[in-house]
Amino acid sequence: MNPARLNPARARVAMAGLALSMALPAVDGGWAQSAPPALSVQSPSPQPVESRQQQIELPPAPVERENPGLINEIGKLFEKSKSALPPLKSPGETINDLSNIARPSTVVTGRAACVVASNGAPDCKIGADRLCQSKGFREGKGIDTDASEKCSPLVYLPGHKRGPNDCRTENFVTRAVCQ
């Protein structure tokens with residue numbers, strides 16, 4: 001018996017149902033990467049036509065699965081490395097850094113006193129800056145220093161016993177690289 005002979009409307013519904021039943025597995029999201037489900041024979045359960053239509057109209061929500069491939073692992077590596085690398089500089093910052101490197105520097109000579117830091121050691125950065133500023137530059141870095149002992153005039157008197165606070169050491173920057 002040919003279904004098209006019985007009723008053309010029924011034949012169209014049957015063909016649409018057949019096409020829909022073939023298209024539903026394609027809506028599942030493509031080929032599964034895991035083992036195929038076990039096949040078993042089940043007896044058809046009677047379901048009303050309305051519930052079948054509701055099931056067809058509501059496709060299942062797509063489930064995100066992690067793809068354990070090479071590209072996914074490389075992506076994870078890049079995500080982890082973002083925090084380990086320093087941030088990139090803007091083009092303006094890079095040009096400023098290059099101009100600081102390329103800026104010519106000059107060695108100057110002179111004599112500028114170093115200040116005494118809180119721990120008692122000489123801090124000659126300020127002395128190098130002062131020496132360079134006296135020659136018309138903005139800042140500098142000391143490359144040669146000199147130390148001398150400055151004493152009270154009492155130390156030079158005959159018979160005076162030298163005490164711990166009679167003399168102190170003064171440090172000077174004598175050469176500096178200026179920019």
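Look up a bit, the structure's there.
No experiment lies behind these values; they were computed from the predicted model shown.

1. Here's the deal with the overall build of the protein
Scanning the protein for helices and strands turns up six helices and five strands. Reading the helices (α) and strands (β) of the protein from amino to carboxyl end gives α-α-α-α-α-β-β-β-α-β-β. Counting all 179 residues of the protein, 9% fall into the buried class. Here the analysis covers contacts within the protein between residues at least 6 apart in sequence; of these, 61% occur between residues at least 24 apart. Entry remark: accessible area of the protein is about 15,500 Å², with carbon and sulfur atoms responsible for 60%.

2. Overview of the environment of A112
Note on placement: A112 falls in strand β1 (residues 106-113). By relative accessible area, A112 is classed as buried at 9%. With 62 residues separating them in the primary sequence, A112 and T174 have C-alpha atoms 6.8 Å apart. Ignoring sequence-local partners within four residues, the contact set of A112 consists of G127, R130, L131, N171, F172 and V173.

3. So, the sheet that holds β1
If you trace the three strands from one edge of the open sheet to the other, you get β1-β5-β4, paired in antiparallel fashion. Either end of the sheet is taken by a strand with one partner, and the two such strands are β1 and β4 (140-151). Each strand axis lies, on average, 20° off the axis of its neighbour in the sheet, ignoring direction. Summarising the sheet, β4 and strand β5 (residues 167-178) pair through eleven bridges and their orientation is antiparallel. If you follow S148 over to β5, its bridge partner there is E170.

Rules of the game
Residues numbered from 1 in each chain as written. Predicted model: local features only at pLDDT ≥ 70, side-chain atom pairs only at ≥ 80, totals over all residues. Heavy atoms only, no water. Helix = DSSP H or I, 4+ residues; strand = E, 2+ residues; numbered from the N terminus. Buried < 20%, exposed > 50% of the residue type's maximum accessible area, 1.4 Å probe, protein only. Contact = heavy atoms within 4.5 Å. Areas by Shrake-Rupley, 256 points an atom, 1.4 Å probe, with all protein chains shown as cover. Pairing = 2+ DSSP bridges. Axes fitted to C-alpha atoms, helices over the stretch in contact; angles between N-to-C directions.

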